[in-house]
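Summary of structural features
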Amino acid sequence: MGLVVQKYGGSSVADAEGIKRVAKRIVETKKNGNQVVVVVSAMGDTTDELIDLAGEVSPVADGREFDMLLTAGERISMALLAMAIKSLGHEAQSFTGSQAGLITDSTHNKARIIDVTPGRIKSSVDEGNIAIVAGFQGVSQDSKDITTLGRGGSDTTAVALAAALDAEVCEIYTDVDGVFTADPRVVKSARKIDWISFEDMLELASSGSKVLLHRCVEYARRYNIPIHVRSSFSGLSGTWVSSEPQGGYSGQGEMPVEQALISGVAHDTSEAKVTVVGVPDKPGEAAAIFRVIADAEINVDMVVQNVSAASTGLTDISFTLPKSDGKKAISSLEKAKQKIGFASLRYDDQIAKISLVGAGMKTNPGVTATFFDALSNAGVNIELISTSEIRISVVTRQDDVSEAVRAVHTAFGLDSESDEAVVYGGTGR
Ligand code: ADP
Ligand code: ASP
Ligand code: MG
C-alpha cells in the first residue's frame, strides 16, 4: 500500500461545497488502497483577509502575533475537511503543523523547516485514518512559538511531509490543470506542460509563477520527491515535476525525450525598484548599500549599476526587492545616508518583471534577440535586465505586463492552437 501526500490550495477549499468536493476526492484515493496524508491551505482568500485585518489594528503587523493570527486560517480548513471526510463514513484526524512535527527556526513570517518528525501522522494513518495537516505552519525549535513559512508555504509543508514519510508522490491540487507555459489568467493560449525538470520549475517559481513555491521545488529536488501539479476541479492528469521524465511521467501523449527549448514565461508584480542616486564611484560603496539592506533582512533580486558620469564621478545603483519590504529598505537607507554618501533615493512600485525560462536557451544563441524583439514590437520599454544560464528577466512598467507576456509567449511559438487554458476557481489575488 502506497502513501500519498495531497495538498489542496485555498481556491480548492474556498467554501463548504469546495470542502465537500475535495473530501470526496480524498476518500477515492483512500478507497484505491492508499494511505493518505492531506495538507490543506486556508479557505479562499482568508490569509489575505487576516493580513488586511491586522493592518487595521496595527501599522506594523509582523512577528509572533502575526503568525498566531495567520495560522488560524489553516486550522479552520483542516477541521472542516476532517469533518467532511467523517461524514462520508471514513476516519480522519486533523493536526496543526506543530502536532505534525513541522519543526522550524524562529524567524517569524518566513521560517525555515529544520526538521520533520511526523510520528503522530504516521501512527494516525497506520491506524487507518486520513491525516489532515494544516499547511504553512510549524513550531520553532528554540522558542516553541508558532511560526509560518511565508506566503504560499503550504506547498513546502506538503513536500516536506512527503519526504519525511517517504511518500510515493506529492500531489499539489490547485485551480488550474497543471503548470502552463504562462499564467493561464494572463495568456488564454498557454499550454499545459506534461513534464518539467526541477531546474526549470525552480526558475519559473522564483520568477513569479506562483503555481508552485520556489522553496517547495528546492526541497523536492533535494529529496528527489516527484511532484504532480493538477486540478482539484477536473480530475485530468497534470504536470509532473521531477528530475527525469521517466521518473514520474504519466501524462497523455508521447513521453518527452528532451527538454523543451523554452519552458515558459513568468511574470511578477510583487516587486518594487529602489534607485540610489548620486553614489560616489569608488570601491566599497555598493558593499555599504547592500550591507544596510542585508542587515534589514531584505532579499534583493536584480541589481544594476550605471556607468558614472565623467564630470561628477557619481553613479546610480538600482535594485529590486519585494514590495512588502519597500518601507523598511527606504528607512534603513535613509538612516545610513550620511555614512554612505549618496544624494537621494527613488522608490517605484509600479514595475513588473517578465522572465523567459528554459534549459534549451544555453545552447541557442537567438533566444535573447527574439525576446527583446518581441518586447520592442509590443512597444514595451525595458528598465532593467538580468540573466542566468537558463533565464532572461527584464523589468518593465506594470501596465505593460500582460501585453509583454503575451508577445513573448507568441514569439517563442508557445501558443496552443487547440484548447484554451481553463481557470477553475480562485480570485487571482
Ligand atoms: P493555490 O490556492 O492552489 O495555492 P495559487 O493561487 O497559489 O493556488 O496558484 C495557482 C495559480 O497560479 C493559478 O490560478 C495561476 O493564476 C497562477 N499561475 C502563475 N503562473 C502559472 C503557470 N505558469 N502555470 C499555472 N498557473 C500559474
Ligand atoms: N494560506 C497561506 C497563504 O495564503 C499559505 C498557502 O496557501 O500556501 O499564503
Ligand atoms: Mg499556492
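What comes next is a walk through the structure.

Scoring rules and cut-offs
Residues numbered from 1 in each chain as written. Chains lettered and ligands numbered in written order. Predicted model: local features only at pLDDT ≥ 70, side-chain atom pairs only at ≥ 80, totals over all residues. Heavy atoms only, no water. Phe/Tyr/Trp six-rings, centres within 6.5 Å; stacked < 30°, edge-to-face > 60°. Lys NZ or Arg CZ within 6 Å of the ring centre and 35° of its normal. Pairing = 2+ DSSP bridges. Helix = DSSP H or I, 4+ residues; strand = E, 2+ residues; numbered from the N terminus. Axes fitted to C-alpha atoms, helices over the stretch in contact; angles between N-to-C directions. Contact = heavy atoms within 4.5 Å. Salt bridge = Lys/Arg side-chain N within 4 Å of Asp/Glu carboxyl O. Buried < 20%, exposed > 50% of the residue type's maximum accessible area, 1.4 Å probe, protein only.

So, about the packing of aromatic side chains. The tally for this structure, following the rule as stated, stands at five aromatic pairs. Note that Arg-21 overlies the ring of Phe-233, its terminal NZ or CZ placed 3.9 Å from the centroid. A cation over a ring is seen here: Arg-222 above Tyr-219, with NZ or CZ 5.5 Å from the ring centre.

So, on to the sheet that holds strand E8 (residues 146-148). Read across the open sheet, the four strands follow the order E5-E4-E7-E8; overall the sheet is mixed. Edge strands, defined here as strands with exactly one partner in the open sheet, are strand E5 (113-116) and E8. Averaged over all adjacent pairs, the angle separating strand axes in this sheet is 45°, with direction ignored. Bridging between strand E4 (residues 102-104) and strand E7 (residues 137-140) involves two bridges; their strand directions are parallel. If you follow Ile-103 over to E7, its bridge partner there is Val-139. Lying on the sheet, helix H5 (residues 154-164) is in contact with E4, E5 and E7; it crosses E5 at an angle near 40°.

For the coordinates displayed, the defined rule picks out 19 salt bridges. Between Arg-291 and Asp-295 there is a salt bridge, and its shortest N-O distance comes to 3.9 Å. Of this pair, Arg-291 and Asp-295 both sit in helix H9 (residues 285-295), separated by four residues, roughly a single helical turn. Per residue, the accessibility class of Arg-291 equals that of Asp-295, and both read exposed. Among the salt bridges present, the one from Arg-397 reaches Glu-383, with a minimum N-O distance of 2.7 Å. Placement of the pair is Arg-397 in strand E20 (residues 391-397) and Glu-383 in the loop between helix H12 (367-377) and strand E19 (384-388), with a sequence separation of 14 residues. One network of salt bridges, in which partners are shared, links Lys-273, Asp-348, Glu-383 and Arg-397.

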